[in-house]
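Here's the letter readout for the chains.
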Amino acid sequence: MTVYFIGAGPGDPELLTLKAQRVIGQCPVCLYAGSLVPAEVVACAPEGARVLDTAPMTLDETHAEIVTAHEQGEDVARVHSGDPSLYGAIAEQIRRLRADGIGYEIIPGVPAYAAAAAALGQELTVPEIAQSIVLTRVSMKSTSMPEGETLANFARTGATLAIHLGVRHLREIERQLSPHYGSDCPVVVAYRVGWPDQMFIRGTLADIHAKVRAEKITRTALILVGPVLQDIRDFRDSALYDRDIPHVLRPRVRLRES
């Protein structure tokens, strides 16, 4: 049997990849993180499948379900939100699978920052404005961050930040980022991207805390910070399609029209 770690995307069932949908539809056991993955995402599980919401379960309990399925030769769809490579807590699951000699495969999904950018209708890497995105989180009460991986250090680069697990700590985010980006730096808080009640709150480092507090949002939100979030219209075209810049698939440089 095989355990399939499946990225369900941010919430919209239509953002499942074709492979993810096919595998969920074939597995007799489906374990999904119900606090972040809508039941509609796993509705394609086969009739009679054992479908369990793992939100109230411990790591020991979910692994016990997998071991039972392994003994019965049944494939398992282990469905996580977004892409499982990012804050998916799959590393500790994989460690146990390897110890027990259980095979696994990872099927990627649409990450929240990509879905948020799509819903906002914009590119996050605009020429000469922003060319890097840092995916990070705040530690606060969560697992501590490695030394050096601080918001202040990332802010020194000027990159666009996609901050997970931080909506309750917007004051601290403002404190660490304002010296580098300025208090008027644009911020977007993307709440439950891909769900029917998704919401996008726009503001600046100076006022985003008050705006989010007014909406009573305390979880399931991604924070985007950076100049690229402005309504930018004056920027140079990228070199990708520039007729005067050759590349391997467009080797000849055309002369400009006089």
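Residues numbered from 1 in each chain as written. Predicted model: local features only at pLDDT ≥ 70, side-chain atom pairs only at ≥ 80, totals over all residues. Heavy atoms only, no water.

An unreviewed UniProt entry lists the protein under the name Precorrin-4 C11-methyltransferase, from Pseudooceanicola batsensis. In its Pathway (unreviewed entry) section, the UniProt record describing the protein reads: "Cofactor biosynthesis; adenosylcobalamin biosynthesis." Comment text from UniProt for the protein, heading Sequence similarities (unreviewed entry), reads "Belongs to the precorrin methyltransferase family." (UniProt positions renumbered as here; feature names shortened; annotations may be inferred.)

(A) Molecular detail of the nonpolar core. The biggest cluster of nonpolar side chains holds 25 residues, and the ones touching the most others in it are Ile163, Leu177, Val189 and Val225. Breaking this core down by element, the ones donating at least two residues are helix H5 (151-155), strand S7 (160-164), helix H6 (170-181), strand S8 (186-191), helix H7 (208-214) and strand S10 (221-225). When residues in this core are grouped by element, the largest group, 4 residues, is from H6. For isoleucine 163, the residues in contact, after removing those within four places along its chain, are Thr136, Arg137, Val138, Leu151, Ile173, Leu177, Ala221, Leu222, Ile223 and Val225. With 18 residues, the next largest nonpolar core counts Tyr4, Tyr32, Ala33 and Val79 among its residues. (Core = buried A, V, L, I, M, F, W, Y, C linked by side-chain atoms within 4.5 Å. Buried < 20%, exposed > 50% of the residue type's maximum accessible area, 1.4 Å probe, protein only. Helix = DSSP H or I, 4+ residues; strand = E, 2+ residues; numbered from the N terminus. Contact = heavy atoms within 4.5 Å.)

(B) Region of the structure containing the sheet that holds strand S4 (residues 76-80). Strand order in the open sheet formed by 5 strands is S3-S2-S4-S1-S5, with parallel pairing between adjacent strands. Of all the strands in the sheet, the pair left with one neighbour each is strand S3 (50-53) and strand S5 (103-107). Averaged over neighbouring strand pairs, the angle between their axes works out to 15° when direction is ignored. Judged from the 5 bridges that link them, strand S1 (residues 2-7) and S4 form a sheet pairing that is parallel. Of the residues in S4, the one forming a bridge with phenylalanine 5 is arginine 78. (Pairing = 2+ DSSP bridges. Axes fitted to C-alpha atoms, helices over the stretch in contact; angles between N-to-C directions.)

(C) Broad picture of empty space enclosed by the protein. With the rule as written, the count across this model stands at 1 cavity of 30 Å³ or more. There is about 30 Å³ of room inside the largest cavity. Lining the largest cavity we find Leu59, Thr62, His63, Ile66, Gln93 and Leu97. Among the secondary structure elements, those contributing two or more residues to the lining of the largest cavity are helix H2 (59-71) and helix H3 (91-99). Sorting elements by how many residues they give to the lining of the largest cavity places H2 first, with 4 residues. A per-class count over the lining of the largest cavity returns 3 nonpolar, 3 polar and no charged. (1 Å grid on protein atoms, 1.4 Å probe; cavity = no way out; pocket = protein on both sides within 12 Å on 5 of 7 lines; lining within 4 Å. Points joined across faces, edges and corners; volume = space filled by probe spheres on them. Nonpolar A, V, L, I, M, F, W, Y, C, P; charged D, E, K, R; others polar.)

(D) Examining the side chain of glutamine 93 more closely. With respect to the helices, strands and loops of the structure, glutamine 93 is situated in helix H3. You can call glutamine 93 buried: its relative accessible area is 8%. The contact partners of glutamine 93, leaving out residues within four places of it in the chain, are Phe5, Leu59, Arg78, His80 and Gly88.

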